[in-house]
Amino acid sequence: MVMETRLSRWLRHRWADDAVGQLPSGFGERIADMIRNSERSHTAEICFYVESSLPSSTLWQRCEMQGLLKQRAQQLFATQRIWDTEHNNGVLLYICLAEHAVEIVFDRALVGMQEPQFWDSLAQEVAAQWKATNLERGLTTFVDKITPKLAAQFPIEPGKINANELSDSPHLG
């Protein structure tokens, strides 16, 4: 198998630069509603970051694409301050449209909540749903699978209201 050059990688990503603009009308509002509904049953924070392509500075690095995607997801987890929630239970679903790739990054309180295979298979399932139908269906799958687990691990105390620490709207970059 021939390894992709950094130039061909860069060209593919620049070609996809406006992919987020092609998402269906009302996409962001529907996703925000989905997250808001999920977060009514737990104290965790769910964030989606959908990006057309990786930044040029990332693409020129000497690294396999999977490593670049994981690195980018971790960078966004930090810059979006998902790690800064009161209960350390934020989770980020990162999507790179140019690569048709999905990465999941989660905070300390979620470590050990599920086996690593759960997160890997969930990312694969989201990607498969996205490729088979559309991105919104993949995001719905993610929320449907993770909500009961978050509700069991991080329930809202009776009589309390969940403080929404992070925006429910997906970040579209």
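Right, let's walk through the structure included here. Please read all numbers here as calculations on a predicted model, not as lab measurements.

Criteria and cut-off values
Residues numbered from 1 in each chain as written. Predicted model: local features only at pLDDT ≥ 70, side-chain atom pairs only at ≥ 80, totals over all residues. Heavy atoms only, no water. Helix = DSSP H or I, 4+ residues; strand = E, 2+ residues; numbered from the N terminus. Expected span 1.5 Å × (residues − 1). Buried < 20%, exposed > 50% of the residue type's maximum accessible area, 1.4 Å probe, protein only. Arc of directions from axis to C-beta. Contact = heavy atoms within 4.5 Å. Axes fitted to C-alpha atoms, helices over the stretch in contact; angles between N-to-C directions. Parallel < 35°, antiparallel > 145°, perpendicular 65-115°, else oblique. Left-handed = near helix turned anticlockwise from the far one by under 90°. Salt bridge = Lys/Arg side-chain N within 4 Å of Asp/Glu carboxyl O. Pairing = 2+ DSSP bridges.

Between its first and last C-alpha atoms helix H2 (residues 27–39) spans 19 Å; for 13 residues at 1.5 Å apiece the expected length is 18 Å, and the two agree. By the burial criterion, the buried members of H2 are Phe 27, Ile 31, Ala 32, Met 34, Ile 35, Ser 38 and Glu 39. Along the long axis of H2, the arc covered by the buried residues comes to 160°, so they all point the same way. Residues of H2 that are buried sit in contact with strand S1 (45–51), helix H6 (135–153) and strand S4 (171–172).

At their nearest, the axes of helix H5 (residues 116–132) and H6 sit 6 Å apart, and the two run at 150° to each other. Taken together, the axes of H5 and H6 lie roughly antiparallel to each other. The element H5 and its partner H6 pack so that their crossing is right-handed. When H5 is examined against H6, the residues Phe 118, Trp 119, Leu 122, Glu 125, Val 126, Gln 129 and Trp 130 are found in contact with a partner set consisting of Leu 135, Arg 137, Gly 138, Thr 141, Phe 142, Lys 145, Ile 146 and Lys 149.

Considering all chains together, one arrives at 8 salt bridges under this definition. For Glu 103, the salt bridge goes to Lys 70, with nearest N and O atoms at 3.2 Å. Remark: Lys 70 occurs in helix H4 (residues 65–79) and Glu 103 occurs in strand S3 (residues 101–106); sequence separation between them is 33 residues. Overall, Lys 70 belongs to the partly exposed group, its relative accessible area being 33%. Here Glu 125 ties to Lys 145 by a salt bridge, and the two come within 3.3 Å at their closest N and O atoms. Of this pair, Glu 125 sits in helix H5 while Lys 145 is found in helix H6, placing the two residues 20 residues apart along the sequence. Because the salt bridges share partners, they merge into one network encompassing Asp 33, Arg 36 and Asp 168.

As a further point, take unusual backbone geometry. Negative phi is the rule for most residues except glycine; trans is the rule for most peptide bonds. In this structure, Arg 81 is a non-glycine residue whose phi angle is positive, near 60°. With respect to the element layout, Arg 81 can be found in the loop between H4 and strand S2 (90–96). Despite not being glycine, Asn 88 shows a phi value in the positive range, around 50°. One can find Asn 88 in the loop between H4 and S2.

So, about the sheet that holds S2. Within the open sheet, the 4 strands sit side by side as S3-S2-S1-S4. Their pairing is mixed. What marks the edges here is a single partner per strand, and that holds for S3 and S4. Here S1 runs beside S4; their pairing, made up of 2 bridges, is parallel. Bridge pairing links Val 50 to Leu 172 in S4. Those strands touched by H5 are S2 and S3, and its axis lies near 145° from that of S3.

Treat this as a map of the structure, not an account of what it does.
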